[in-house]
Amino acid sequence: MTALNGEDEVAGLCRDLIRIDSTNAGDNSGPGERAAAEYVAGKLAEVGLEPQILESDSRRANVIARIEGEDSSRDALLLHGHLDVVPFDAGDWTHHPLGGEIADGCVWGRGAVDMKNMDAMILAVVRQRLSEGRRPPRDVVLAFTADEEAGGTYGAQWLADKHKDLFDGCTEAIGEVGGFSVSIDEARRLYLIEAAEKGIAWMRLTVSGRAGHGSMLNGENAITELAEAVGRIGRYDWPVRLTQTVRTFLTETSKALELELDLDDAEATVAKLGPLARMIGATLRNTANPTMLQGGYKANVIPQTATAHVDGRFLPGYEDEFFQTIDELLGPNVTREFVYHDIAVETGFDGPLVRAMADALLAEDPGALAVPYTLSGGTDLKAFSRLGMRGFGFAPLKLPADLDFSGMFHGVDERVPVDSLRFGVRVLDRFLDGC
């Protein structure tokens, strides 16, 4: 087999994946991930692997492959990435979201940030290593999943429930939303590695009242009752709760930035973090944001029922406090039910795998400082953690100081620098040697 060069391949792989429409609107009506899965499986088969394509529903496809390591008696490592992307309005973009154009030194398109960039890096480094006959120190399982953007019902959750045997031996996992750089100065960069995720509670709130004519007195107006509850939730000032990961992040980042840290006023430190403040600020506390309201069907009719939706996110260790508070804010006449509910996860930032990530970054960027952080959203890691895996977000990218990378998640004009992708291939290659 002719040896392949992952650095040379990665931008093209990312471009090809972006051009495959795998938009996921959350209602199972889109194109699905089958075409992207077939592309990935084909690229893996070219270097001697035997990938499986597993459909949980029509075109909702996942790809699984196992690379035999030098010592298969060791615990295995999972590398996972999702193939679906969120919807877009093409008219808002500089380059078409499905164009995969390479312009101004970047690959542009939906998924360039979340997360076909990492899919491409995994493919590139695996293809290079296997074409050169280099196997990892231990078994590595590759999982390219469906439906992450809608909770993983057709992807990671389904795989963990129905095909857990494919992950036999996996005790650690590496996935998305971590490993990207934030510049301190020209010589130093923080690399944020996800070590925790907030839990998810998407809730539907319902009030049943008394229907009636809009001109008459009505003390059981469902809309009034619901609006008051939504207002209480939306205005509630959640207390700061510093988890282990957040404390470590604040301590290490404050040292690096030479900021005075007062853990009794963590918000003051976070406010000094520039663009990072938006992402990190949400990890200091539980949150609950009203997102939808429905009620009524005519201006002069008081409806019998009204509903609202709330996006709740709770910190690791604070789920009980979150729901206790929500129920107090709702009041006696509002019921809640889950639209989607998933766990929070957290692991310590220590051990050989963490050292392997930090060492790989340092080898390619002498100014690198790896620090853990908590993700305010969620990933497929939640599903894989149920199989006993300890997981991290590690999609390594050395980024230009002026690129608002975190702001492009689900945003307009997603793009990733080609040089950053090449950097990521080198780091992942070193990481796999040391894992």
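Scroll up to find the structure.
Residues numbered from 1 in each chain as written. Predicted model: local features only at pLDDT ≥ 70, side-chain atom pairs only at ≥ 80, totals over all residues. Heavy atoms only, no water.

**Q** Just checking my understanding: could you explain the nonpolar core for this structure?
**A** Leu44, Leu142, Ile174 and Phe431 are the most contacted members of the largest nonpolar core, which totals 87 residues. Top contributing element to this core by residue count: helix 3 (residues 116-131), with nine residues. If we skip the residues at most four places from it in the chain, isoleucine 174 touches Leu77, Leu78, Leu79, His80, Met118, Leu353, Met357, Phe392, Phe394 and Phe431. (Core = buried A, V, L, I, M, F, W, Y, C linked by side-chain atoms within 4.5 Å. Buried < 20%, exposed > 50% of the residue type's maximum accessible area, 1.4 Å probe, protein only. Helix = DSSP H or I, 4+ residues; strand = E, 2+ residues; numbered from the N terminus. Contact = heavy atoms within 4.5 Å.)

**Q** Please clarify how the sheet that holds strand 5 (residues 106-108) should be interpreted in this entry.
**A** Across a sheet, paired strands are connected by hydrogen bonds in the backbone, their directions being either parallel or antiparallel. In space, the three strands of this open sheet follow the order 4-5-19, with antiparallel pairing throughout. One side of each edge strand has no neighbouring strand; the edge strands of this open sheet are strand 4 (102-103) and strand 19 (415-417). Where strand 5 meets strand 19, three bridges bridge the pair, whose relative direction is antiparallel. If you follow cysteine 106 over to strand 19, its bridge partner there is proline 417. (Pairing = 2+ DSSP bridges.)

**Q** How do you make sense of a negative patch on the surface when you look at a structure like this?
**A** A surface patch of like charges, here negative, comprises Glu260, Asp262, Asp264 and Asp265. By secondary structure assignment, the location of glutamate 260 is in the loop between helix 6 (244-257) and helix 7 (266-270). (Patch = residues over 30% accessible without salt bridge, like charges linked within 9 Å, V, L, I, M, F, W, Y side chains within 5 Å. Areas by Shrake-Rupley, 256 points an atom, 1.4 Å probe, with all protein chains shown as cover. Salt bridge = Lys/Arg side-chain N within 4 Å of Asp/Glu carboxyl O. Lys, Arg positive; Asp, Glu negative; His and termini not counted. Charge placed at Lys NZ, Arg CZ, Asp CG, Glu CD.)

**Q** Is there a simple way to think about the pattern of salt bridges in this case?
**A** The final tally for this structure, using the stated rule, is 34 salt bridges. For arginine 15, the salt bridge identified is with aspartate 16, shortest N-O distance 3.1 Å. Between aspartate 311 and arginine 313 there is a salt bridge, with the nearest N and O atoms lying 2.7 Å from each other. Several salt bridges share partner residues, and in doing so they unite Glu7, Asp8, Glu364, Arg422, Arg426 and Arg430 into one network.

**Q** Any chance you could explain the side chain of aspartate 147 here in plain terms?
**A** In this fold, aspartate 147 is placed in the loop between strand 6 (140-145) and helix 4 (156-162). Of the residues examined, aspartate 147 reaches a relative accessible area of 3% and is grouped as buried. Separated by 2.9 Å, the side chains of aspartate 147 and asparagine 24 make a polar contact. With near-sequence residues (within four places) excluded, aspartate 147 lies in contact with Asn24, Glu33, Arg60, Asp84, Gly152, Thr153, Tyr154 and Gly155. (Polar contact = N/O pair within 3.5 Å; in protein donor to acceptor, adjacent residues only side chain to side chain.)

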